[in-house]
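# An overview of the molecular structure
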Amino acid sequence: GDSQTGQSSIHLFESVLSDIEKFGFKNTQLIRRRFESALDRFPDKSIDILHIDGWHTYQAVKNDWELFQPKVKTKGIILFHDSRAVAGSFGVYRLIDEIKDGFPTFEFPFFFGLYVFENSLRKRFSNDFLSKVSKDLTKWSAHYEQVIHYLSNQPGVHSSRIQNTITVSNEFVNETHYQDLKRHH
């Protein structure tokens, strides 16, 4: 957490950990520490998916990017949360404007924005699923907006739980897409 979003609690960490265990994500490693203190745990080109959602100032996000971009595999995925937040000291959008050219990218507009990068210098996504999403972003954004609307109307649901569910929903969509590909080949 940070001054823009509030301090993260142990309850949020435990909630996300519970979801990872509940849905059986075996290749997921959840680490609760500052980005720079976790750096030595990852060799270069070892991370498949990196979600940058720490301190939201321009300098903090730029530091996270510079430290961890080399740790992400070629063709790995980097997500930036709060890419549409422009109030106060939020600076994610500024960094994205500086670095997005040359990378395959797209943005989900929900929840203050989620920017998706492929860590390659290609013009298009190498991942078929992400390529399809980027070509029909309106449909996929509508899907996630429906999930958010439904969940936000449930009693006792906190926005962090909605974010977790969106992540889980994306995993199910990805798995469904994979199963569809297997049936057609």
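Residues numbered from 1 in each chain as written. Predicted model: local features only at pLDDT ≥ 70, side-chain atom pairs only at ≥ 80, totals over all residues. Heavy atoms only, no water.

## Observations concerning the overall build of the protein
Summing up its helical and strand segments, the protein has 7 helices and 4 strands in all. When the helices and strands of the protein are read in sequence order from the N terminus, they spell out α-α-β-α-β-α-β-β-α-α-α. When burial is assessed residue by residue, the protein has 37% of its 185 residues classed as buried. Counted over contacts in the protein with a minimum sequence separation of 6, partners at least 24 positions apart contribute 61%. Working note: accessible area of the protein is about 11,300 Å², and carbon and sulfur atoms make up 52% of it. (Helix = DSSP H or I, 4+ residues; strand = E, 2+ residues; numbered from the N terminus. Buried < 20%, exposed > 50% of the residue type's maximum accessible area, 1.4 Å probe, protein only. Contact = heavy atoms within 4.5 Å. Areas by Shrake-Rupley, 256 points an atom, 1.4 Å probe, with all protein chains shown as cover.)

## Looking at a positive patch on the surface
A surface patch of positive charge is lined by Lys75, Arg122, Arg124, Lys132, Lys135 and Lys139. Take Lys135: it is sitting in helix H5 (residues 128-135). (Patch = residues over 30% accessible without salt bridge, like charges linked within 9 Å, V, L, I, M, F, W, Y side chains within 5 Å. Salt bridge = Lys/Arg side-chain N within 4 Å of Asp/Glu carboxyl O. Lys, Arg positive; Asp, Glu negative; His and termini not counted. Charge placed at Lys NZ, Arg CZ, Asp CG, Glu CD.)

## Quick look at the confidence of the model for the protein
For the protein, the mean per-residue pLDDT works out to 77, and 76% of the residues sit at or above 70. When mean pLDDT is taken per element in the protein, helix H4 (residues 92-99) scores highest with 95 and helix H7 (residues 159-184) scores lowest with 41. Ignoring residues within four places in sequence, the model shows residues 161-185, a span with pLDDT below 50, making 34 contacts including any to other chains. (pLDDT = per-residue confidence, 0-100.)

## Description of unusual backbone geometry
One non-glycine residue, Lys45, lies in the positive phi region at around 60°. Its location among the elements puts Lys45 in the loop between helix H2 (35-38) and strand E1 (47-52). Residue classification places Lys45 among the partly exposed residues on the basis of a relative accessible area of 43%.

## Some points on the sheet that holds E1
Ordered in space as E1-E2-E4-E3, the 4 strands form an open sheet in which the pairing is mixed. Strand pairing shows two members of the sheet lacking a second neighbour, E1 and strand E3 (105-108), which therefore form its edges. For this sheet the average axis-to-axis angle between neighbouring strands, irrespective of direction, equals 15°. Judged from the 5 bridges that link them, E1 and strand E2 (residues 72-81) form a sheet pairing that is parallel. Residue Ile52 lies in a different strand from E2, and its bridge partner there is Phe80. In this fold H4 packs onto E2 and strand E4 (114-118), with an angle of close to 145° to the strand it touches most, E2. (Pairing = 2+ DSSP bridges. Axes fitted to C-alpha atoms, helices over the stretch in contact; angles between N-to-C directions.)

## Points about the pattern of salt bridges
Per the counting criterion, the structure on display carries 5 salt bridges. For Lys71, the salt bridge identified is with Asp44, shortest N-O distance 3.3 Å. Placement of Lys71 in the loop between helix H3 (58-68) and E2 and of Asp44 in the loop between H2 and E1 is noted, with a sequence separation of 27 residues between them. On the basis of relative accessible area, Lys71 is assigned to the buried category, the value being 13%. The salt bridge involving Arg84 is made with Glu107; its shortest N-O contact spans 3.1 Å. Here Arg84 is found in the loop between E2 and H4, whereas its partner Glu107 is found in strand E3, with 23 residues between them in sequence. Taking the relative accessible area as the measure of exposure, Glu107 reaches 15% and is therefore buried.

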